[in-house]
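Residues per chain, in single letters:
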Amino acid sequence: MNEAGKIKQATYHLYTFTISKLISTFGSSVYAFGISLYVLALTGSAASFAINLICSILPRTLFAPFAGYVADNYPKKAVVLLSQAASVLSVGGLLLYSMSNGLSLAAIYTATALISVSSMFTSVAFSSSIANLIDPDRIQKAMGYNQSALAIATIGGPVIGGMLFGFVSMNVFLLIQVIAYALAAALEATMNFRLYTRRAETESAEDKQGVWQGMKEGAVYLRKNRVITVIVTTAVGLNFFFSALMIGLPFIAVQQLKVQATHFGFIEAMIALGMLLASIYFSVRKEVKFPLQFSKRAIIVMSLLLAAVSLPLIAGLSYWGNVIYLLVLMLAFGISNVFVNTPIGVMMQKDVDEEYRGRVFGILESMAMAMMPLGYLLFGLLYDLVPAQYVLWACSLCLLILTAYSMRPAIIREAYPELAEKPFDKVLS
């Protein structure tokens, strides 16, 4: 295929990828909202809700490195389509079970775990394929579109789910999910996952590495690449310390500031709105020249925003002062979140060798997901024992120290040697 034909195909991928991501994520968001409310309504138990959450997180943590190995050693298109088919079968199986026997907790937990594993395989394979689907000059645009799709689904999913929950049965939620996965798979089947690949066709089964050897080789590759190791380490730290916000925001707003549930819903929605606005910005601006340096500054801003969540606890603002302040703060948080993730995502697409990309993304997902339940548990306990502002200040300080060390000027210059010749940029780094 000539270059003009490739560009045309890449343009098709750009929009098809975004639409399929929007459809599948929107369906998942509606389903997750509905199933969460159903479990709470069925049991009235926060523990039952927590178990369902664990069934979603734990399998992703355990199987993500293996998913990375699969994505690196087998055709990515086949991995995506088979994992999407597994998701359809998992939700469809729960729907058939519900129609014949009614929903039970055991069936919900089992389906949640299966959907978690299958969607994780899809996510890792897709994440490691973007540079194969899109021409290098538009990878940032693709990442921006991807973030936009996630933000729209995050905003719209709970809204539609809340409207449907009181009027339709859970079978409708399950059917929406089945249709969403099937439509996404149909779109993905039309894509050429080898459009910009630089690898030869996959070797025969006899020549493939064993699973453990292949996963070990991915970890060795990660350790040898200091800049990519810094990105993974910082991402893990971000996920851990910002668990304090995910736990602390509802605790502070609802429990301590007595913000009404409706107003708190708008506060949480501002995060997704900020992500959407920032994603649109990245989809139209030129590519960030020094993404690691750019993201470092965004992480510093996020760290300060984390500490700033405590201001209403010590400033004595009015009720509407607290609400407006948190609305603006969460909008800024959503924007800065994309300012961290998008440049780093583009950098990893371009700098990680194609034959290791799946394993690197798999390791990143596994480590980042592992930090979430640990952070939820730790900070959930700390908020009951220590004033919330102290927890937030400590997390902000730790994140600033982690960022200052892991993204120190020597690392920035290693990633971008040309900055050593620019005193102004050197100071800013």
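Per chain, residues are indexed from 1 in the order of the written sequence. Confidence filtering applies because this is a predicted model: local features only for residues at pLDDT of at least 70, side-chain atom pairs given and counted only at 80 or more, and all residues used for totals across whole chains, interfaces and linings. For side-chain calculations, the full set of non-hydrogen atoms in the structure is used, while hydrogens and water are omitted.

The chain carries the name Putative MFS family arabinose efflux permease in an unreviewed UniProt entry, which gives Planococcus citreus as its organism. Entered under Subcellular location (unreviewed entry) in the UniProt record, the comment concerning the chain runs "Cell membrane". UniProt positions are given in the numbering used here, feature names are shortened, and annotations may be inferred rather than shown by experiment.

Trainee: How should I be thinking about the overall build of the chain in this particular structure?
Mentor: Numbering of helices and strands runs from the N terminus, with a helix taken as a DSSP run of H or I at least four residues long and a strand as a DSSP run of E at least two residues long. Helix and strand counts for the chain come out as 18 helices and zero strands. In terms of overall size, the chain behaves like a compact globule, its C-alpha atoms giving a radius of gyration of 22 Å where 429 residues would be expected to give roughly 22 Å. Projected onto its principal axes, the C-alpha positions of the chain cover 65 × 60 × 40 Å. Relative accessible area decides the class of each residue, using a 1.4 Å probe on protein chains only: under 20% of the type maximum gives buried, over 50% gives exposed, and in between gives partly exposed. Classification of the 429 residues of the chain by burial places 49% in the buried group. Residue contacts are defined here by distance: any two heavy atoms, one from each residue, within 4.5 Å place the two residues in contact. Long-range contacts, defined as pairs at least 24 residues apart, comprise 87% of the intrachain contacts of the chain with a sequence gap of at least 6. Computed over 29 positive and 22 negative side-chain charges, the inter-centroid distance for the chain is 5 Å. Radius of gyration here is computed from C-alpha atoms only, and the compact-globule reference equals 2.2 Å multiplied by the residue count raised to the power 0.38. We score Asp and Glu as negative and Lys and Arg as positive, and we do not count His or the chain ends. Here the site of a charge means NZ on Lys, CZ on Arg, CG on Asp, or CD on Glu.

Trainee: Where do I start with the state of the cysteines in this structure?
Mentor: A pair of sulfur atoms, both from cysteines and within 2.5 Å, is called a disulfide here. Under the criterion given, the structure shown has zero disulfides. Left unpaired, Cys395 is separated from the closest cysteine sulfur, that of Cys398, by 6.5 Å. The exposure class of Cys395 is buried, given its relative accessible area of 4%. On the basis of relative accessibility, which here comes to 35%, the residue Cys398 falls in the partly exposed class.

Trainee: In this structure, what is going on with unusual backbone geometry? I would like to understand it.
Mentor: A negative phi holds for most residues other than glycine; trans holds for most peptide bonds. You will see that Lys258, though not glycine, has its phi angle at about 60°, which is positive. With respect to the secondary-structure elements, Lys258 resides in the loop between helix H10 (243-256) and helix H11 (261-284).

Trainee: Got a minute to help me understand the packing of helix H9 (residues 226-241) against helix H16 (residues 388-406) in this structure?
Mentor: Contact pair H9 / H16: the axes reach a minimum separation of 10 Å and the direction vectors enclose 175°. Considered as vectors, H9 and H16 are oriented roughly antiparallel to each other. Of the residues in H16, those touching H9 at Val230, Thr234, Gly237, Leu238 and Phe241 are Cys395, Cys398, Leu399, Leu402 and Ser406. Classes in brief: Ala, Val, Leu, Ile, Met, Phe, Trp, Tyr, Cys and Pro nonpolar; Asp, Glu, Lys and Arg charged; the others, Gly included, polar. Among the residues forming the contact of H9 with H16, the class breakdown is seven nonpolar, three polar and no charged. Think of each axis as a best-fit line through the C-alpha atoms, taken over the contacting stretch in the case of a helix, with angles from 0 to 180 degrees between the N-to-C directions. Note on terminology: angles under 35 degrees are roughly parallel, angles over 145 are roughly antiparallel, angles of 65 to 115 are roughly perpendicular, and the others are oblique.

Trainee: Explanation requested: the domain arrangement of the chain in the structure shown.
Mentor: Often, the extent of an interface is quoted as the loss of accessible area upon association of its parts. Where a domain begins and ends is set by an automatic assignment or by a domain database. For the chain, the assigned domains are domain 1 (3-190) and domain 2 (211-415). The distance between the C-alpha centroids of domain 1 and domain 2 comes to 22 Å. Values labelled buried area give the accessible surface lost by two parts on being combined, using a 1.4 Å probe and summing over both. Buried area between domain 1 and domain 2, summed over both chains or domains, comes out near 2,900 Å², and the portion from carbon and sulfur atoms is 65%. It is Asp72, Gln140 and Gln147 in domain 1 that bury the most area against domain 2; as a group they hold 23% of the surface buried on that side. Here a salt bridge means any side-chain nitrogen of Lys or Arg lying within 4 Å of a carboxyl oxygen belonging to Asp or Glu. Inspection of the region where domain 1 meets domain 2 yields two salt bridges. Here Arg60 and Glu365 are joined by a salt bridge, their closest N and O atoms 2.5 Å apart. In the analysis that follows, any N or O atom pair within 3.5 Å is treated as a polar contact, provided that within protein one partner can donate a hydrogen and the other can accept it, and provided that, for residues neighboring in sequence, both atoms belong to side chains. Along the contact surface separating domain 1 from domain 2 lie 17 residue pairs in polar contact (both at pLDDT 80 or more). Among the elements of the structure, helix H2 (46-73), helix H4 (105-127), helix H5 (130-133) and helix H6 (139-165) are those that each provide at least two residues to the side of domain 1 that touches domain 2. Counting residues per element, the side of domain 1 that touches domain 2 draws most heavily on H6, at twelve residues. Classifying every residue of the side of domain 1 that touches domain 2 gives 17 nonpolar, eleven polar and four charged.

Trainee: Explain the pattern of salt bridges to me, please; I cannot follow it from the model alone.
Mentor: Close approach of charged atoms allows side chains with opposite charge to pair. If you walk through the whole model with that rule in mind, you get six salt bridges. For Arg359, the salt bridge is made with Asp72, and the minimal N-O distance between the two is 2.8 Å. Within this pair, whereas Arg359 is found in helix H15 (residues 357-385), its partner Asp72 is found in helix H2, the two being separated by 287 residues in sequence. As far as the burial class goes, Arg359 and Asp72 line up, both buried. Judged by relative accessible area, Arg359 falls into the buried class, the value being 4%. Through salt bridges that share partners, Asp72, Glu217 and Arg359 make up one connected network.

Trainee: What should I look at first to understand the side chain of Ser310 in this one?
Mentor: With respect to the helices and strands, Ser310 occurs in the loop between helix H12 (291-308) and helix H13 (311-315). A distance of 2.7 Å separates a polar side-chain atom of Ser310 from the backbone oxygen of Ala307. Of note is the side chain of Ser310, whose polar atom sits 2.8 Å from the side chain of Trp393. In this structure Ser310 touches Gln389, Leu392 and Trp393, once residues within four positions along its chain are discounted.

Trainee: How do you make sense of the nonpolar core when you look at a structure like this?
Mentor: Generally speaking, nonpolar side chains in soluble globular proteins are found buried as a group. What we call a nonpolar core is a set of buried Ala, Val, Leu, Ile, Met, Phe, Trp, Tyr and Cys residues that are connected through their side-chain atoms within 4.5 Å. Formed by 65 residues in total, the largest nonpolar core has its most connected members in Ile228, Phe242, Leu245, Leu292, Met330, Met348 and Phe379. Beyond its immediate sequence surroundings of up to four residues, Met330 is in contact with Leu245, Leu249, Ile267, Met270, Ile271 and Val309.

Trainee: Any chance you could explain the packing of aromatic side chains here in plain terms?
Mentor: Any two aromatic rings considered together are summarised by their centre-to-centre distance and by the angle between their planes. Only Phe, Tyr and Trp rings are paired, with Trp represented by its six-membered ring, and only when their centres lie within 6.5 Å; those with planes under 30 degrees apart are stacked, over 60 edge-to-face, the remainder tilted. With the rule as written, the count across this model stands at 18 aromatic pairs. Here the aromatic rings of Phe290 and Tyr416 are separated by 5.1 Å at their centres, their planes lie at 65°, and the arrangement is edge-to-face. Separated by 126 residues along the polypeptide, Phe290 in the loop between H11 and H12 and Tyr416 in the loop between helix H17 (409-415) and helix H18 (423-428) bring together distant segments of the chain. Tyr416 matches Phe290 in its accessibility class, with the two residues each being buried. Ring pairs connect the aromatic residues Tyr281, Phe282, Phe294 and Phe339, which therefore count as one cluster. Lying over the aromatic face of Tyr196, Lys6 brings its terminal NZ or CZ to 5.4 Å of the ring centre. The criterion for a charge sitting over a ring is simple: Lys NZ or Arg CZ within 6 Å of the ring centre, and within 35 degrees of the ring normal. Positioned above the aromatic ring of Tyr405, the side-chain terminus of Arg408 is 4.4 Å from the ring centre.

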